[in-house]
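# Residue-level structure breakdown
Below are the chains, spelled out letter by letter.
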Amino acid sequence: MKKISIFGATGSIGQNTIDLISRDPDAYDVVALTGSSNIAQLAADARRLNADVAVTADESRLDDLRDALKGAQVEAAAGQGALIDAACRPADWVMSAIVGAAGLQPGICALEQGATLALANKESLVCAGALILDTAARHNARLLPVDSEHSAVFQALVGEDLKAVERIVITASGGAFRDWPMDKLANATLAEASNHPNWNMGQRITIDSASMFNKALEVIETREYFGVSPDQIEVLVHPESMIHALVGFHDGALMAHVGPPDMRHAIGYALHWPQRRNLPVERLDLAAIGALTFRAPDEQRWPALRLAREVMARRGLAGAVFNAAKETALSGFIDGHLRFTQMAEVVDAVLNQIDPSHIDAPMTLDTVMVADHIARQTAQTIIEQTAG
Ligand code: NAD
Ligand code: MG
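Every chain is numbered on its own, with residues counted from 1 as its sequence reads. Both sets of labels track the order of writing: A upward for chains, 1 upward for ligands. Side-chain atom pairs in this predicted model are given and counted only at pLDDT of 80 or more, local residue features only at pLDDT of at least 70, and totals for whole chains, interfaces and linings cover all residues. To get the side-chain values, take all heavy atoms of the structure and skip hydrogens and water.

## Regarding the site of ligand 1
Around ligand 1 sit 23 residues in total, of which Thr-10, Ser-12, Ile-13, Ser-36 and Glu-123 are the nearest. What qualifies as a polar contact is a pair of N or O atoms within 3.5 Å, subject to a donor-acceptor requirement within protein and to the restriction that residues adjacent in sequence count only when both atoms come from side chains. Take Ile-13: an N or O atom from its main chain is 2.9 Å from an oxygen atom of ligand 1. When the free accessible area of ligand 1 is taken as 830 Å², the share hidden by the protein chains comes to 85%. Any residue that is not Ala, Val, Leu, Ile, Met, Phe, Trp, Tyr, Cys, Pro, Asp, Glu, Lys or Arg is counted as polar, Gly included; the first ten are nonpolar and the last four charged. For the shell around ligand 1, a count of residues per class yields 12 nonpolar, eight polar and three charged. Working definition: residue near molecule or strand if any one of its non-hydrogen atoms lies within 4 Å of it. Values of accessible area rely on a 1.4 Å probe in the Shrake-Rupley scheme; residue burial ignores everything except the protein chains shown.

Structure follows, in structure tokens:
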């Protein structure tokens, strides 16, 4: 039996992971499930999957979790310390699906145990790519991409030599506002930004898709995971979300990964790797689909893409600063303090205003967390000035 843990089990990726393992319950021994506010879901899944421990990140919900688990053979725990303890429990395979930089430390703990880390939490690589890869190497742990584009690139590279890669093209649906007139973007509402045309995902990544901050994070994730240079990475707008990524080789060949927009493919690939197993995803009928379309991304519409290039040129802890500023600006938009288009302005201002010593510090978990903290404070101050 494969011992597995799921961090962020109550979220969209977590629930898709549980959907897959529930189809073959005898194959998995569930160690830890974690969540935050959705206690009922966390407890129900922990009971059903017979987990050793269920953890809510929200310290104030421990009693609720205990109540919900009454009579079950599942330990209940709460808070950041409990999350880290759970992440340190030995497991063979761990899904990292917490949203935001909060996923970094649990992922590092899992790697330190030598677990295979299925990484949906792209923020880990954006904030601390070198640290994550180095931790994996030192502990002989494997890191498998779960983001659909990166899983697609990973699959296109099977049997290939990275040195033969000329370019990596990751696709973007264009999100909710792909076809909106530019002058309407500033008035986009939360409800409009939270409605993705193709993918069903958590609210934060859905809004990040509309602003292209999600793609900006993914460009940096591509650089960190595959070790290619920034000028080898391209973004292509592809409204149908059927081709997830393409790898271009020196001989001119482009290998495309084609599939339905269903995260269970990428999750299942990481779950069964290096094998391929039957997965419950739609089989595409390309004749019925008829045509796939592509267009170049417009950096006027999506300034996040330009900011990603700046972050990659800046190196150091710029990724941690960028991500923290983005998370804070996104919360500012969700809470009604910022307009949609002001998110990129806040992130840009944080990158310009932050003391460069935070970006140039050598990368350790501590320096990443300090850069993250200062960037959040700086962003918050800018948001207050903007809103006031
Ligand atoms: P979600 O919002 O649906 O779920 C987030 C999970 O994280 C929940 O279980 C929540 O309880 C937990 N969580 C939130 N804040 C936390 C905190 N501070 N500490 C601990 N746990 C916390 O998000 P999602 O859409 O499932 O995305 C999860 C991750 O996967 C993100 O990094 C996202 O970018 C990435 N991802 C998601 C998709 C997708 O299709 N949803 C695709 C590619 C990558
Ligand atoms: Mg993606």
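There's plenty left to go through after this.
## Let's talk about the coordination of the magnesium ion (ligand 2)
Note that water is not among the atoms used; donors are N, O and S atoms within 2.8 Å of the metal (3.2 Å for Na, K and Ca), so sites may look incomplete. Every protein donor of the magnesium ion (ligand 2) is accounted for by Asp-147 (OD), Glu-149 (OE) and Glu-218 (OE), and the metal-donor separations fall at 2.1 to 2.2 Å. In primary sequence terms, the donor set of the magnesium ion (ligand 2) follows D-x1-E-x68-E. Residue Asp-147 is found in the loop between strand 7 (143-145) and helix 7 (148-156), and its partner Glu-218 is found in helix 10 (residues 213-226); the two are separated by 71 residues along the sequence. Each member of the pair Asp-147 and Glu-218 is classed as buried. Helix numbers and strand numbers start at the N terminus; a helix is a DSSP run of H or I with at least 4 residues, a strand a run of E with at least 2. For the exposure calls, accessible area comes from a 1.4 Å probe over protein chains only, and a residue counts as buried if that area is under 20% of its type's maximum, exposed if over 50%, partly exposed in between.

## Here we look at the sheet that holds strand 2 (residues 28-35)
Spatially, seven strands are ordered 4-3-2-1-5-6-7 in an open sheet, and the strand pairing comes out parallel. Looking at strand neighbours, the two that pair on one side only are strand 4 (75-78) and strand 7, the edges of this open sheet. Across the sheet, the mean angle from the axis of one strand to that of its neighbour is 20°, orientation sign disregarded. If DSSP finds at least two bridges between two strands, the strands pair. Sheet analysis places strand 1 (residues 2-7) next to strand 5 (residues 93-96), joined by four bridges and oriented parallel. Opposite Ile-6, over in strand 5, you have Met-95 as the bridge partner. Between N-to-C directions, angles cover 0 to 180 degrees, with each direction set by a line fitted to C-alpha atoms, over the stretch in contact for helices.

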